[in-house]
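# Reading the structure
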Amino acid sequence: MKNENEYRENDRLYIRAIRKCICKEKSNEKYLLTCKIRERGEHEYIYTEGEPCLKRESKTFWLSDGAGAPGKSALETAKEAAMLFEEKSSDLRKEAVRVVIIENVYTLFYRRVSRGIFDLLFEIRVEDRETTVLLCGLNTEKMIEEISWQAFLKGLHEDPLTEIIRQSTEETIDRNPLYVKAQETGDDLLCMQMKLYYRIANEKECSWLEKMLGKRILPRLSEEYDRNFVVDSDTIDLRILHDSGYTILHRPYFAMMGSTHTKWQLDPHTKSGVDAAKTEEESISFSDYVALFEEK
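Here goes a summary of the coordinates provided. (Residues numbered from 1 in each chain as written. Predicted model: local features only at pLDDT ≥ 70, side-chain atom pairs only at ≥ 80, totals over all residues. Heavy atoms only, no water.)

### Description of the layout of surface pockets
Put simply, the largest pocket is a space of about 760 Å³. Along its surface, the largest pocket is lined by 28 residues, and Asn139, Glu141, Tyr197, His242 and Gly245 are the ones closest to its centre. Of all the secondary structure elements, the ones that give two or more residues to the lining of the largest pocket are α2 (140–153), α5 (188–197), α7 (238–243) and β13 (247–249). Its residues placed into classes, the lining of the largest pocket shows 11 nonpolar, nine polar and eight charged. The computed volume of the second largest pocket comes to approximately 230 Å³. Taken together, Cys21, Ile22, Cys23, Lys24, Ala81, Leu84, Phe85, Lys88, Leu134, Leu135, Cys136 and Leu138 form the lining of the second largest pocket. (1 Å grid on protein atoms, 1.4 Å probe; cavity = no way out; pocket = protein on both sides within 12 Å on 5 of 7 lines; lining within 4 Å. Points joined across faces, edges and corners; volume = space filled by probe spheres on them. Helix = DSSP H or I, 4+ residues; strand = E, 2+ residues; numbered from the N terminus. Nonpolar A, V, L, I, M, F, W, Y, C, P; charged D, E, K, R; others polar.)

Structural data, given as structure tokens:
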């Protein structure tokens, strides 16, 4: 069946309409658009203002201006996506908190849109390339991960400050640019959420977060408890582990000889765990595991 959304003219392949088009990144004058096009699926394309086409790998797709046709044309859709990106980016630069991660190289703008959700704008200058990345609706965990990921993509991951953002400790968090800015702006919630993410929040700070967020948050126990407790997996409240900042590693089936996924290992000091344990190991319920914190 002929694809009515495409036609050829002067050896050029034209697209009549784009179903969905979002811009999250701009590098110099080139916009990275995520487009959903009929019978071509959803992919990323390069769009340059003033050039009525999309480029993907070695292919060029020309955009119809829809003259005389009903509905929004492909060219109008691409232009609007780029324009919306510029408008949102401009708003964030004016309204958001500015964090200099690497002087004259890496800058973050963040704006809290709800108790645990942020809109972010990254500005990264490496050699002759200036990249702007716009991401909306990220929680604290995803925000920190994205700061590290963008640094990795742009070859900045070995910088001492980006490494501190990737994994702060009790000794280094006071040099974390995002944490420092949160302190300067009086954003206690972000400070505590960051400490929870890095698994260095103490009992008092976890209790503060519990009251603020209305969630059960398990604190980190002392080194005395730095060992794995085997817990029946069907009794575990995953939400509590997630809200408490636990990192759970997955053990794949090919590495499961002598082990079972019906039991997990949890370490209350490191706030880490594995979703498997030896079959013969004695286990406790999750309520018994939580009771460790009450006993402490």
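### Considerations on the nonpolar core
Among the nonpolar cores identified, the biggest contains 35 residues, and Tyr106, Leu108, Tyr110, Phe122, Ile147 and Leu178 are the most heavily contacted of them. Listing elements by their share of this core, those giving two or more residues are β8 (97–102), β9 (106–114), β10 (117–126), β11 (129–139), α2, α4 (177–184), α5 and α6 (203–213). The element that contributes the greatest number of residues to this core is α5, accounting for six residues. Core analysis: the next-biggest nonpolar cluster, separate from the first, contains 25 residues, Cys35, Ala74, Phe85 and Leu92 among them. (Core = buried A, V, L, I, M, F, W, Y, C linked by side-chain atoms within 4.5 Å. Buried < 20%, exposed > 50% of the residue type's maximum accessible area, 1.4 Å probe, protein only.)

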